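One-letter residues, chain by chain:
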Amino acid sequence: MRILLMPDMTTAHASGTLSALATIAQLRSLGHEVAVIDNKEAGPRPASDGVSYHPAPTALRWYEHIASPKLTSWFDRLCDAFQPDYLLMIGSIQKPAALARRARRRGIKTAFLFYINDFFCTRVYAGLPGGPCTACAVQPEIPAFRNRCYRPGRFGQFMKSAMVRGLLRREIRKAHRVLGYSKSQTAIHAMTGVAPQALAKVTFQFDPSDLDDWAPSDDGYFAITGQAIMQKGFHLLAGILSRLPPTVRVKMSIYHPDEAPGIIERFGLQPFSDNGQLEFVYGLQSRSDYVAFLARARGLILTSYYPTTGEFVLQEALYLGKPVIAFNVGAHADILRDGDNAMVAPAGMLDEFAEKIVRLDLDPVLRRTIGDRARQTALSFYDRAAVAEWDTALT
């Protein structure tokens, strides 16, 4: 097939970029021809491995979801030249509904794959202090008002994003395919009104090849990494750490030392920092620094508390054969099996979560068994059969 792909970006070093590049690689490996609508700032680039890149002529502002003559006329010329079978929009909601509408009217099939939850949630990650939240998937924006999901002074921004979600939701419901990584993700799309026949699954959009250069070891600490936000479960860390014996060592990666005081204060971590149970690791600026931190860990503490879509850190840890302790939320609930390829606790059950960390810390045989099965699970995400799910989905 000829697939016109519209990601968020393909040049910055961010998870969305890495996912987009993985999507391109997977589609190309199946023999599909791919052209990419790039962001305006990327600038023209030569074709790479048969992929052509076409910078959009505009900055894709919010009002272009309604209409953008300059963008749509450029899109028409691109479609005339490339003759796509599919317009595949991937990443976040910053995909002009006007282009999806234009593609449909030209007889081009449209498909969506969201890497995050901003297609229905103004908080992006769709989590509240009490756990995962999908209320706005069923009843758009009203629960967001009730839960005060917009920041003070940002109500205008909230209304603009609500309009974008509304316009794009209309196109999502009319799409030929709406894709997800897991039963959890496709179930959320069904809540938004997508017809069952339009739903399909593809494998995770992640390329683990750079991890093959690492030989994992066990330096005796459990790793915590990721954005220090409530939706990632950081508000639960103090409760978990307080339930661990002082012999359990935990290291948290933070990009810059200046961030530590705010994180410590916001999430009540001072006692654990003072007694040495929680150690902060700074300066992991390169990819190799970060992978080394994860590869040397005894296991990964993953407290994410929202309907996850398959976090990079989870995929990295599984691929490296690291035991993961997580809550049964989102994609985690679909792919992690407690006591088999991970240790999984019900959302909010801190006693059980902490107990699983202790078990792993004390039992090297259990760590090795779960780590081996984690590795096997990860390999299954990227094999030929998993990548071929694209061909089944885009029929």
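Before reading further, recall that the structure is shown in the block above.
Notes on the structure in this doc start here.

What counts and how
Residues numbered from 1 in each chain as written. Predicted model: local features only at pLDDT ≥ 70, side-chain atom pairs only at ≥ 80, totals over all residues. Heavy atoms only, no water. Core = buried A, V, L, I, M, F, W, Y, C linked by side-chain atoms within 4.5 Å. Buried < 20%, exposed > 50% of the residue type's maximum accessible area, 1.4 Å probe, protein only. Contact = heavy atoms within 4.5 Å. Helix = DSSP H or I, 4+ residues; strand = E, 2+ residues; numbered from the N terminus. Pairing = 2+ DSSP bridges. Axes fitted to C-alpha atoms, helices over the stretch in contact; angles between N-to-C directions. Expected span 1.5 Å × (residues − 1). Arc of directions from axis to C-beta. Polar contact = N/O pair within 3.5 Å; in protein donor to acceptor, adjacent residues only side chain to side chain.

Some thoughts on the nonpolar core
Leu88, Leu179 and Trp390 are the most contacted members of the largest nonpolar core, which has 56 residues in total. When sequence neighbours within four positions are dropped, the list of residues in contact with leucine 179 reads Leu88, Phe112, Leu113, His189, Ala200, Val202, Trp390, Ala393 and Leu394. Formed by 42 residues, the second largest nonpolar core is a distinct cluster that contains Trp74, Phe75, Ala103 and Cys136.

Quick notes on the environment of serine 242
Relative to the helices and strands, serine 242 resides in the loop between α8 (237–241) and β11 (249–254). Residue classification places serine 242 among the partly exposed residues on the basis of a relative accessible area of 48%. Sequence spacing of serine 242 and aspartate 351 is 109 residues, and the spatial spacing of their C-alpha atoms is 9.9 Å.

Here's the deal with the sheet that holds strand β5 (residues 109–114)
Taking strand neighbours across the sheet as the criterion, the 7 strands line up as β3-β2-β1-β4-β5-β8-β9 in an open arrangement whose pairing is parallel. Taken across any chain shown, the strands that pair with only one partner, and hence form the sheet edges, are β3 (52–55) and β9 (199–201). Shown here is a sheet whose adjacent strand axes are inclined to one another by a mean of 25°, direction ignored. As defined by bridge partners, β5 adjoins strand β8 (residues 177–180) across 3 bridges and the pair is classed as parallel. Its bridge partner lying in β8, phenylalanine 112 is registered against valine 178.

Points about helix α15 (residues 364–381)
For α15, with 18 residues, the first-to-last C-alpha span of 26 Å sits near the 26 Å given by 1.5 Å per residue. Within α15 the residues assigned to the buried category are Leu366, Arg367, Ile370, Gly371, Ala374, Thr377, Ala378 and Phe381. Projected onto a plane normal to the axis of α15, the buried residues spread over an arc of 125° and lie on a single side. Of the exposed residues in α15, those oriented more than 90 degrees away from the buried face are Arg368 and Gln376. Summarising the contacts, the buried residues of α15 are in contact with α12 (312–319), α13 (330–335), β15 (343–345), α14 (350–362) and α16 (384–387). Capping of α15 at its N-terminal end is provided by aspartate 363; its side-chain oxygen lies 3.1 Å from the backbone amide nitrogen of valine 365.

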